[in-house]
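# Examination of the molecular architecture
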Amino acid sequence: QKEVEQDPGPLSVPEGAIVSLNCTYSNSAFQYFMWYRQYSRKGPELLMYTYSSGNKEDGRFTAQVDKSSKYISLFIRDSQPSDSATYLCALVKGAGGTSYGKLTFGQGTILTVHP
Amino acid sequence: SAVISQKPSRDICQRGTSLTIQCQVDSQVTMMFWYRQQPGQSLTLIATANQGSEATYESGFVIDKFPISRPNLTFSTLTVSNMSPEDSSIYLCSVGGNTEAFFGQGTRLTVV
């Protein structure tokens, strides 16, 4: 079983919709949570990071973490065609040592926002 | 944030040969990371490159296949050795810590 599970989609929504992207994880050692956006033939681009349970908002994006359920989400409000990309969750274990900076990625969700 | 440049951006190589990928960062960093993204898959960490010491490899990856150099705090190379078609992937270098990690644009490798 993979440590991080993410529904690969694909997910297709109309412009203006609210998008919900989700990951679950099995290891409580994960303490840091990031969301990346990856356009075709590009490297991943960091959207948001968080390290505590609850919500963190940045513009149209909200990252949500529930450590008790080992569940993280990214919400995109008022989705735009330019949001069409692959979205990846990435998790990091612990606060240092041999885990420092090592990301464990979900499989990625392919999102298409159509006009 | 950090600006990361990778070379080459893509290459087509014959099986049995080796390819060295370069990664240049615009600031000094202690740790650099190399990831692989196989077709249709997510990113998997290959190894961590520290300046002044040998790279540390993740399970399933070995130094003979993926030798890494880290000559200074802004540069690293990853070599894919004795390539087979199964090595066809995107290889990415990354820098950062527990809350932020930044990636290069990747090297798209096709082995024929």
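Calculation rules
- Residues numbered from 1 in each chain as written.
- Chains lettered and ligands numbered in written order.
- Predicted model: local features only at pLDDT ≥ 70, side-chain atom pairs only at ≥ 80, totals over all residues.
- Heavy atoms only, no water.
- Helix = DSSP H or I, 4+ residues; strand = E, 2+ residues; numbered from the N terminus.
- Contact = heavy atoms within 4.5 Å.
- Areas by Shrake-Rupley, 256 points an atom, 1.4 Å probe, with all protein chains shown as cover.
- Lys, Arg positive; Asp, Glu negative; His and termini not counted.
- Charge placed at Lys NZ, Arg CZ, Asp CG, Glu CD.
- 1 Å grid on protein atoms, 1.4 Å probe; cavity = no way out; pocket = protein on both sides within 12 Å on 5 of 7 lines; lining within 4 Å.
- Points joined across faces, edges and corners; volume = space filled by probe spheres on them.
- Pairing = 2+ DSSP bridges.
- Axes fitted to C-alpha atoms, helices over the stretch in contact; angles between N-to-C directions.
- Buried area = accessible area lost by both parts, 1.4 Å probe.
- Salt bridge = Lys/Arg side-chain N within 4 Å of Asp/Glu carboxyl O.
- Polar contact = N/O pair within 3.5 Å; in protein donor to acceptor, adjacent residues only side chain to side chain.
- Phe/Tyr/Trp six-rings, centres within 6.5 Å; stacked < 30°, edge-to-face > 60°.
- Buried < 20%, exposed > 50% of the residue type's maximum accessible area, 1.4 Å probe, protein only.

### Describing the overall build of chain A
In terms of helices and strands, chain A carries zero helices and eleven strands. Secondary structure elements of chain A, listed N to C terminal, follow the sequence β-β-β-β-β-β-β-β-β-β-β. Considered along the principal axes of its C-alpha atoms, chain A spans approximately 45 × 30 × 25 Å. Sequence separation of 24 or more characterises 56% of the internal contacts of chain A that already satisfy a separation of 6 or more. Carbon and sulfur atoms provide 49% of the accessible area of chain A, an area that totals close to 5,500 Å². Across chain A, the mean location of the 11 positive side-chain charges is 8 Å away from that of the 10 negative side-chain charges.

### Digging into the layout of surface pockets
Its volume calculated, the largest pocket comes out at about 530 Å³. Every element with two or more residues in the lining of the largest pocket is listed here: strand S9 (85–93) and strand S10 (104–105) of chain A together with strand S5 (43–50) of chain B. Estimated volume of the second largest pocket: approximately 450 Å³. Gln38 of chain A together with Gln37, Gly40, Gln41 and Ile90 of chain B are, among the 24 residues lining the second largest pocket, the residues nearest its centre.

### Topic: the sheet that holds strand S7 (residues 61–66) of chain A
Residue and element names in this part refer to chain A. Pairing is antiparallel in the open sheet, where five strands are placed in the order S1-S3-S8-S7-S6. Strand pairing shows two members of the sheet lacking a second neighbour, strand S1 (4–6) and strand S6 (54–58), which therefore form its edges. Ignoring which end each strand starts from, the neighbouring axes of this sheet average 15° apart. Pairing between S7 and strand S8 (residues 71–76): six bridges, direction antiparallel. Bridging from a neighbouring strand, Gln64 pairs with Ser73 of S8.

### Section: the sheet that holds strand S3 (residues 19–25) of chain B
All names here are of chain B. Within the open sheet, the four strands sit side by side as S1-S3-S8-S7. Their pairing is antiparallel. Looking along the sheet, the strands with just one partner apiece sit at the ends: strand S1 (4–7) and strand S7 (68–72). Recorded for the sheet is a direction-independent mean angle of 15° between the axes of neighbouring strands.

### Looking at the interface of chain A and chain B
Each partner contributes to the interface: chain A provides 24 residues, whereas chain B provides 22 residues. Here chain A packs against chain B, burying approximately 1,800 Å² in sum over the two surfaces, 55% of which is carbon and sulfur. Sorting the residues of chain A by area buried against chain B places Arg41, Tyr100 and Lys102 of chain A first, and these three jointly supply 29% of that buried surface. In this structure, the connection of chain A to chain B is made through one salt bridge. With its nearest N and O atoms 3.0 Å apart, the salt bridge here joins Lys102 of chain A to Glu58 of chain B. If you look at where chain A meets chain B, you find six residue pairs in polar contact (both at pLDDT 80 or more).

### Comments concerning the packing of aromatic side chains
Residues and elements named next belong to chain B. Tallied over the entire structure, the rule returns ten aromatic pairs over all chains. Between Tyr35 and Phe103, the aromatic rings sit 5.5 Å apart at their centres with planes inclined by 55°, giving tilted as the arrangement. One end of the pair, Tyr35, is in strand S4 (residues 31–37); the other, Phe103, is in strand S10 (residues 101–103), and 68 residues separate them in sequence. Each member of the pair, Tyr35 together with Phe103, is buried. Ring centres of Phe61 and Phe66 lie 5.7 Å apart, and the angle between their planes is 65°; on these two criteria the pair is classed as edge-to-face.

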